[in-house]
Amino acid sequence: MRPSERKKGYATTMLRYALSVCKEKGMIQIIFGCYKDNLASVATIKKNGGILIAETKDEGKVSQYYIVKL
């Protein structure tokens, strides 16, 4: 996200829309992944009900996986 557009709620809006589409399609849970050091993505996922379920490390990067129940 371009620095001038950060902290305006775009990611939260997009995530909530994606969750609503998934719910309409009958899904009951979604798993999201992001790098641990991507604090903005981590915060957005947690803000929308994400619960950390796993971490993996590949080539020095730590990935985190969150589940969101719909």
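This text follows the structure it describes.
The rules behind the values
Residues numbered from 1 in each chain as written. Predicted model: local features only at pLDDT ≥ 70, side-chain atom pairs only at ≥ 80, totals over all residues. Heavy atoms only, no water. 1 Å grid on protein atoms, 1.4 Å probe; cavity = no way out; pocket = protein on both sides within 12 Å on 5 of 7 lines; lining within 4 Å. Points joined across faces, edges and corners; volume = space filled by probe spheres on them. Helix = DSSP H or I, 4+ residues; strand = E, 2+ residues; numbered from the N terminus. Nonpolar A, V, L, I, M, F, W, Y, C, P; charged D, E, K, R; others polar. Polar contact = N/O pair within 3.5 Å; in protein donor to acceptor, adjacent residues only side chain to side chain. Salt bridge = Lys/Arg side-chain N within 4 Å of Asp/Glu carboxyl O. Buried < 20%, exposed > 50% of the residue type's maximum accessible area, 1.4 Å probe, protein only. Pairing = 2+ DSSP bridges.

A. The layout of surface pockets, seen in detail. In this structure, the largest pocket spans a volume of roughly 550 Å³. Forming the walls of the largest pocket are 21 residues, and the residues nearest its centre are Ala 11, Thr 12, Ala 40, Ser 41 and Thr 44. Those elements giving two or more residues to the lining of the largest pocket turn out to be α1 (10-24), β1 (29-35) and α2 (39-47). A total of six residues in the lining of the largest pocket trace back to one element, the largest contributor, which is α2. Its residues assigned to classes, the lining of the largest pocket shows 10 nonpolar, six polar and five charged.

B. The arrangement of the side chain of Glu 5 in detail. When you line up the elements, Glu 5 lands in the segment before α1. Polar side-chain contacts of Glu 5 include one of 3.5 Å to the side chain of Lys 8. A distance of 3.1 Å separates polar atoms of two side chains, one belonging to Glu 5 and the other to Tyr 10.

C. Quick look at the pattern of salt bridges. If you walk through the whole model with that rule in mind, you get three salt bridges. Where Lys 8 meets Glu 5, a salt bridge forms, and the shortest distance between an N and an O atom there is 3.5 Å. The class for Glu 5 is buried, based on a relative accessible area of 18%.

D. Representation of the pairing of strand β3 (residues 61-69). For β1 and β3, the ladder comprises seven bridges, and the chain directions are antiparallel. Directly across from Phe 32, in β3, lies its bridge partner Tyr 66. For strand β2 (residues 51-58) and β3, the ladder comprises seven bridges, and the chain directions are antiparallel. From the neighbouring strand, Ile 51 faces β3, where its bridge partner is Ile 67. Adjacent in sequence and paired antiparallel, β2 and β3 are bridged by two residues, among which Glu 59 carries a positive phi angle near 50°.

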